[in-house]
Amino acid sequence: MSIDLTIVWAFIIAIAVFAYVVMDGFDLGIGILFPALKVGEGRNRAMNSIAPVWDGNETWLVMGGGGLLAAFPLAYAIILPATYPLVIAMLLGLVFRGVAFEFRWRDPRHRAFWDLAFSGGSLVAALSQGMILGAILQGIEVSNRAYAGSWWDWLTPYTLLTGLGTVAGYALLGACWLVWKLEGEVQAKAYRLATRAGIATLVLMAAVSFYNLALFADYRARWLEMPNILFASQVPLLTAIIAFLLFYGLRKRWEMAPFLLALALFLLGMAGLGLTIWPNVVPPSVTIWDAAAPHRSQVFMLIGAVPILPLILAYTGWSYYVFRGKVGAEGYH
Amino acid sequence: MDFADPLMLARLQFAFTVSFHFIFPSFSIGLASYLAVLEGLWLKTGKPLYLDLFKYWLKIFAVAFAMGVVSGIVMSYQFGTNWAVFSDKAGPVIGPLMAYEVLTAFFLEAGFLGVMLFGMNRVGRKLHFVATLMVAAGTAVSAFWILSVNSWMQTPAGYELGANGQFLPGPSWAAVIFNPSFPYRLVHTVIAAYLTTAFAVGGVGAWHLLKDRDNAHARKMFSMAMWMAALVAPVQILAGDQHGLNTLEHQPVKIMAMEGHFESHPDGAPLYLFGLPNQREKRVDYAIAIPHLGSLILKHDPHAPMAGLDTVPAQDVPPVAVVFWSFRIMVGLGFAMLGVGLWSLLARWRGRLYRWPWLHRAALAMGPSGFVAVIAGWVTTEVGRQPFTVYGLLRTAASASPLQAPALAASLLAFVLVYFAVFGIGTWYILKLMSGSPHPGEKGVAATEEGPIRTAGIVPGPAQRVGEEDGQ
């Protein structure tokens with residue numbers, strides 16, 4: 001039996017994207033929620049809870065981009081021009097968000113400005129990422145190995161919906177992270193924010209799911225026809241169970257579980273998306289095999305990725321472990 | 001220049017974002033190593049002075065690194081946004097190298113950065129030193145991979161051409177990675193990063209010596225920086241010469257442009273010290289030249305014949321004036337660095353290293369020289385390989401994304417505005433940190449919080465200063 005490396009690489013890229021979405025997702029979510037937190041202690045603690053890890057989290061975005069170029073160069077070459085304004089907006093948003101981590105401490109007199117840069121940058125980045133996702137799902141016009149659509153193809157009600165869904169989902173992750181890492185008044189606030197963000201996330205997830213059915217006959221067949229439906233229907237079913245547990249946990253003031261349940265929601269969302277577009281990487285016409293790098297490239301990268309990725313997860317885990325526990329008044333001492 | 005031409009706009013944008021980005025790693029590669037040396041010396045000798053210097057430069061590193069990260073993420077997507085055809089065609093070969101850069105370098109530096117910045121009291125000295133070493137290793141490994149990619153684009157090797165127009169990897173990845181110009185470019189660039197840091201550190205040390213020649217911390221950093229300048233600047237000139245000979249072998253047209261050799265010289269080529277290359281008339285105006293020196297340097301024989309741009313089809317000639325001048329700026333700064341290094345040796349020998357204000361003024365003036373030299377060198381090699389993205393095989397004009405001029409113009413404008421504002425302010429913060437005098441009991445990143453009016457000594461930092469009311 002030979003293993004199809006194209007499928008292996010599709011899963012590795014999917015894992016990288018998932019790692020990025022949930023890890024930088026809660027960083028960006030905290031940025032999105034920043035205006036709702038009190039100036040002073042609330043914001044400082046929230047910022048401190050992610051200061052040591054945000055950079056590592058963001059690196060998964062480089063892995064997603066670099067990995068896509070390496071493993072599926074054609075997909076990289078089509079998606080980026082097709083979503084050009086969104087990619088630029090995302091990158092500039094991340095510039096503001098990233099430097100704010102350092103700059104707000106360097107210049108207390110302009111902290112209000114850097115706080116705005118932090119939340120504005122996070123919001124723009126999250127919205128752009130969600131809309132890029134939507135722009136891929138709704139299909140990209142391709143001819144002759146290149147993007148063949150027009151300027152504004154990426155802007156539709158559907159992409160707005162996926163963009164808002166991503167913003168709400170990140171806010172949920174961020175709020176649940178704060179619930180876990182903080183205590184006292186800020187934590188109480190985070191519980192309220194998590195409930196609201198959770199409701200918004202579920203409503204938008206449902207809306208996107210129904211919209212998906214209207215996009216392509218293929219998508220409908222994947223979800224609604226026998227025997228697919230027996231398998232596919234598990235995803236919304238599990239989502240409903242997880243959502244119930246999440247709200248129950250938030251009411252019961254569970255501390256760590258809500259974050260893990262929010263992660264589970266994202267995992268299910270990702271599984272749903274995977275089910276929807278498989279085996280395309282650029283719907284409706286470019287499959288992962290069309291876009292895949294040649295065998296030699298796949299093998300060469302796999303030789304490195306197989307030992308190194310677990311190592312990365314190990315020292316990333318160690319870094320989280322070092323900064324474990326509540327970010328209390330005494331900080332990291 | 002035609003500003004309605006999408007190709008020109010795509011090139012301008014890429015040149016802008018990559019040049020801006022290049023400034024930060026050329027500093028952080030050297031600075032990360034310097035920090036590792038300082039922490040290592042502290043652990044070995046136990047002298048608090050080294051810890052003070054470590055903390056002083058760590059604060060600056062944190063700001064520079066943040067800017068390097070955010071401008072670097074832009075780069076990982078600019079290949080696709082601006083050069084989609086290039087990405088599709090060259091992706092199978094260069095993509096894996098960039099993936100290795102992420103796997104072996106970016107995660108390493110980012111993963112250990114948090115511990116390096118905030119973790120000293122959590123993990124203890126030894127593990128903290130390990131974290132510092134990992135960050136330093138990450139920056140160096142990153143240089144290895146990205147320069148391999150760049151070198152492959154300059155001197156492609158180890159590839160096959162696919163039926164779909166893609167460059168495909170051949171049987172040996174070593175041939176791709178260790179392509180002909182890579183070893184030279186790697187050595188030249190990494191030394192450049194060390195020199196850039198040495199002169200930045202030396203400039204800061206000199207500034208504080210000018211204000212207080214007895215400042216022990218300023219003395220130490222100045223002395224360390226001047227050792228680097230004196231020892232490494234000559235090595236760099238040698239490495240640059242070797243890199244030049246390698247370029248002559250593999251990219252002779254680039255050398256012709258660097259030298260301003262529009263015409264062939266069958267009896268030995270001159271070296272132009274000055275001149276205004278006139279590409280239309282194919283000559284160097286107002287030239288000041290030393291006869292035969294060009295052949296002597298490049299061929300080690302004053303009468304060796306050298307071909308000129310008259311032997312090259314017009315459509316394959318790079319813009320000569322840019323390459324000619326950026327090369328001279330780089331070389332000039334390199335010799336100025338050597339000069340300061342030798343001067344510091346003289347000062348050391350005469351016991352005046354800390355008491356020679358003119359040396360300190362010279363070192364201060366040379367503080368930013370590394371950055372200028374690095375950018376000038378980058379322009380030389382990148383403009384000099386035009387009009388190709390994959391040298392001799394894929395033209396720049398055939399590499400671009402299917403984008404329209406207004407989209408590119410708008411995003412170029414956005415990049416220019418945001419970069420100048422954000423990185424300008426960041427540079428200002430770095431200069432503010434540098435203007436603070438290094439002193440005993442220096443605070444770390446986590447303890448540099450709040451303005452000067454606060455009670456000194458126990459002011460909590462970003463990691464600690466929670467639970468305290470914010471200065472609004």
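Keep in mind that this is a model prediction, so the values were computed, not measured.

A closer look at the overall build of chain B
When you go through chain B residue by residue, the secondary structure sums to 13 helices and 6 strands. Its C-alpha atoms give chain B a radius of gyration of 24 Å, within 12% of the compact-globule value 23 Å for 472 residues. For chain B, the C-alpha atoms occupy an extent of roughly 70 × 55 × 45 Å along the three principal directions. A fraction of 74% describes how many contacts in chain B between residues 6 or more apart in sequence connect residues 24 or more apart. Total accessible area on chain B is roughly 18200 Å²; 68% of this is exposed by carbon and sulfur atoms.

So, the overall build of chain A
If you tally the helices and strands in chain A, you get 14 helices and 4 strands. Scaling as 2.2 N^0.38, a compact globule of 333 residues should have a C-alpha radius of gyration of about 20 Å, and chain A matches this with 20 Å. Structurally, chain A occupies a C-alpha span of about 55 × 45 × 40 Å along its principal axes. Across the 333 residues in chain A, those meeting the buried criterion constitute 59%. Counted over contacts in chain A with a minimum sequence separation of 6, partners at least 24 positions apart contribute 78%. Accessible surface for chain A amounts to roughly 13000 Å². Of this, 72% is attributable to carbon and sulfur atoms. Distance between charge centres in chain A, computed from 21 positive and 18 negative side chains, equals 9 Å.

Section: the interface of chain B and chain A
If you look at the interface, chain B gives 91 residues, while chain A gives 71 residues. Summed over both partners, the interface of chain B with chain A buries about 7300 Å², with 71% contributed by carbon and sulfur atoms. When the area that chain B buries against chain A is broken down by residue, the three leading residues are B:Y77, B:F107 and B:R122, summing to 11%. Where chain B packs against chain A, one counts 2 salt bridges. The salt bridge partner of B:E160 is A:R296, with a shortest N-O separation of 3.3 Å. Residue assignment for the side of chain B that touches chain A shows that the elements contributing at least two residues are helix 2 (48-82), helix 3 (84-118), helix 4 (120-154), strand 2 (167-169), helix 5 (173-177) and helix 13 (405-435) of chain B. If one sorts the elements of the side of chain B that touches chain A by residue count, helix 3 of chain B sits on top with 25 residues. Residues belonging to the side of chain B that touches chain A are distributed by class as follows: 53 nonpolar, 27 polar and 11 charged.

Focus: the environment of B:G240
Residues and elements named next belong to chain B. Within the fold, G240 resides in helix 7 (residues 216-250). The exposure class of G240 is partly exposed, given its relative accessible area of 23%. Expressed as a C-alpha distance, the spacing of G240 and L364, which sit 124 residues apart in the sequence, is 24 Å.

A look at the pattern of salt bridges
All names here are of chain A. Summed over all chains, the structure comprises 15 salt bridges over all chains. A salt bridge links E41 to R45; the shortest N-O distance between them is 2.4 Å. One end of the pair is E41 and the other is R45, both in helix 2 (residues 41-50) and 4 residues apart, which spans about a single turn. Overall, E41 belongs to the partly exposed group, its relative accessible area being 27%. With a relative accessible area of 8%, R45 lands in the buried category. Residues K326 and E255 are paired through a salt bridge, measuring 3.1 Å at the closest nitrogen-oxygen approach. Residue K326 is located in the segment after helix 14 (295-322), and its partner E255 is located in the loop between helix 11 (234-251) and helix 12 (257-277); the two are separated by 71 residues in the primary sequence. Through salt bridges with shared partners, a single network forms among D24, E58 and R97.

Digging into the domain arrangement of chain B
Residues and elements named next belong to chain B. If you check the domain split of chain B, you get domain 1 (1-179 + 404-472) and domain 2 (188-390). A straight line from the C-alpha centre of domain 1 to that of domain 2 covers 24 Å. The contact between domain 1 and domain 2 buries some 3100 Å² in all, and 72% of this surface belongs to carbon and sulfur atoms. Where domain 1 meets domain 2, there are 0 salt bridges.

Notes on the packing of aromatic side chains
Residue and element names in this part refer to chain A. Summed over all chains, the structure comprises 53 aromatic pairs over all chains. For the ring pair W177 and F259, a centre distance of 5.5 Å and an interplane angle of 65° mean the geometry is edge-to-face. Within this pair, whereas W177 is found in helix 7 (residues 157-181), its partner F259 is found in helix 12, the two being separated by 82 residues in sequence. Accessibility assignment for this pair places W177 and F259 in one class, buried.

What about the pairing of strand 4 (residues 283-290) of chain B?
Residues and elements named next belong to chain B. Pairing analysis gives 6 bridges linking strand 3 (residues 271-278) to strand 4, with the strands arranged antiparallel. Pairing of Y272 across the sheet is with A289, part of strand 4. Count of turn residues in the strand 3/strand 4 antiparallel hairpin: 4 residues, of which K282 carries a positive phi of about 55°.

Here we look at the nonpolar core
Membership of the largest hydrophobic core comes to 206 residues, with the highest contact counts inside it found for A:W60, A:F72, B:W57, B:F61 and B:F423. If one sorts the elements of this core by residue count, helix 2 of chain B sits on top with 22 residues. For this core, the two domains that each supply at least three residues are domain 1 (1-179 + 404-472) and domain 2 (188-390) of chain B. Discounting chain neighbours no more than four positions away, the residues touching A:W60 are A:A16, A:A19, A:Y20, A:M23, A:L309, A:I312, A:L313 and B:F107.

Side note on the side chain of A:E58
Positionally, A:E58 belongs in helix 3 (residues 54-71). Excluding its chain neighbours within four sequence positions, the residues that come into contact with A:E58 are A:Y20, A:D24, A:L94, A:R97, B:V69 and B:I73.

Some remarks on empty space enclosed by the protein
Counted under the stated rule, the structure contains 3 cavities of 30 Å³ or more. In this model, the largest cavity occupies a volume close to 180 Å³. For the largest cavity, the lining is made up of 17 residues, of which A:A51, A:W54, A:E102, B:L117 and B:F118 are closest to its centre. Going through the elements one at a time, helix 3 and helix 5 (84-106) of chain A together with helix 2 and helix 3 of chain B are the ones with two or more residues in the lining of the largest cavity.

A closer look at the packing of helix 1 (residues 5-33) of chain A against helix 7 of chain A
Residues and elements named next belong to chain A. Axis separation between helix 1 and helix 7 bottoms out at 6 Å; the angle between their running directions is 85°. Our classification of the angle between helix 1 and helix 7 gives roughly perpendicular. Here helix 1 contributes Y20, V21, V22, G25, F26, L28, G29, I30, I32 and L33 to the contact with helix 7, which in turn contributes V167, Y170, A171, L173, G174, A175, W177 and L178. Here the residues of the contact of helix 1 with helix 7 are counted per class, giving 15 nonpolar, 3 polar and no charged.

Comments concerning the side chain of B:S401
Residue placement: B:S401 occurs in the loop between strand 6 (394-395) and helix 13. Residue classification places B:S401 among the buried residues on the basis of a relative accessible area of 10%. For B:S401, the side chain forms a polar contact with the main-chain oxygen of B:G80, separated by 3.3 Å. If near-sequence neighbours (up to four positions away) are discounted, B:S401 is found in contact with A:P81, B:G80, B:T81, B:N82, B:W83 and B:A84.

Cut-offs applied
Residues numbered from 1 in each chain as written. Chains lettered and ligands numbered in written order. Predicted model: local features only at pLDDT ≥ 70, side-chain atom pairs only at ≥ 80, totals over all residues. Heavy atoms only, no water. Helix = DSSP H or I, 4+ residues; strand = E, 2+ residues; numbered from the N terminus. Rg over C-alpha atoms; globule rule 2.2 N^0.38 Å. Contact = heavy atoms within 4.5 Å. Areas by Shrake-Rupley, 256 points an atom, 1.4 Å probe, with all protein chains shown as cover. Buried < 20%, exposed > 50% of the residue type's maximum accessible area, 1.4 Å probe, protein only. Lys, Arg positive; Asp, Glu negative; His and termini not counted. Charge placed at Lys NZ, Arg CZ, Asp CG, Glu CD. Buried area = accessible area lost by both parts, 1.4 Å probe. Salt bridge = Lys/Arg side-chain N within 4 Å of Asp/Glu carboxyl O. Nonpolar A, V, L, I, M, F, W, Y, C, P; charged D, E, K, R; others polar. Domains from an automatic or database assignment. Phe/Tyr/Trp six-rings, centres within 6.5 Å; stacked < 30°, edge-to-face > 60°. Pairing = 2+ DSSP bridges. Core = buried A, V, L, I, M, F, W, Y, C linked by side-chain atoms within 4.5 Å. 1 Å grid on protein atoms, 1.4 Å probe; cavity = no way out; pocket = protein on both sides within 12 Å on 5 of 7 lines; lining within 4 Å. Points joined across faces, edges and corners; volume = space filled by probe spheres on them. Axes fitted to C-alpha atoms, helices over the stretch in contact; angles between N-to-C directions. Parallel < 35°, antiparallel > 145°, perpendicular 65-115°, else oblique. Polar contact = N/O pair within 3.5 Å; in protein donor to acceptor, adjacent residues only side chain to side chain.

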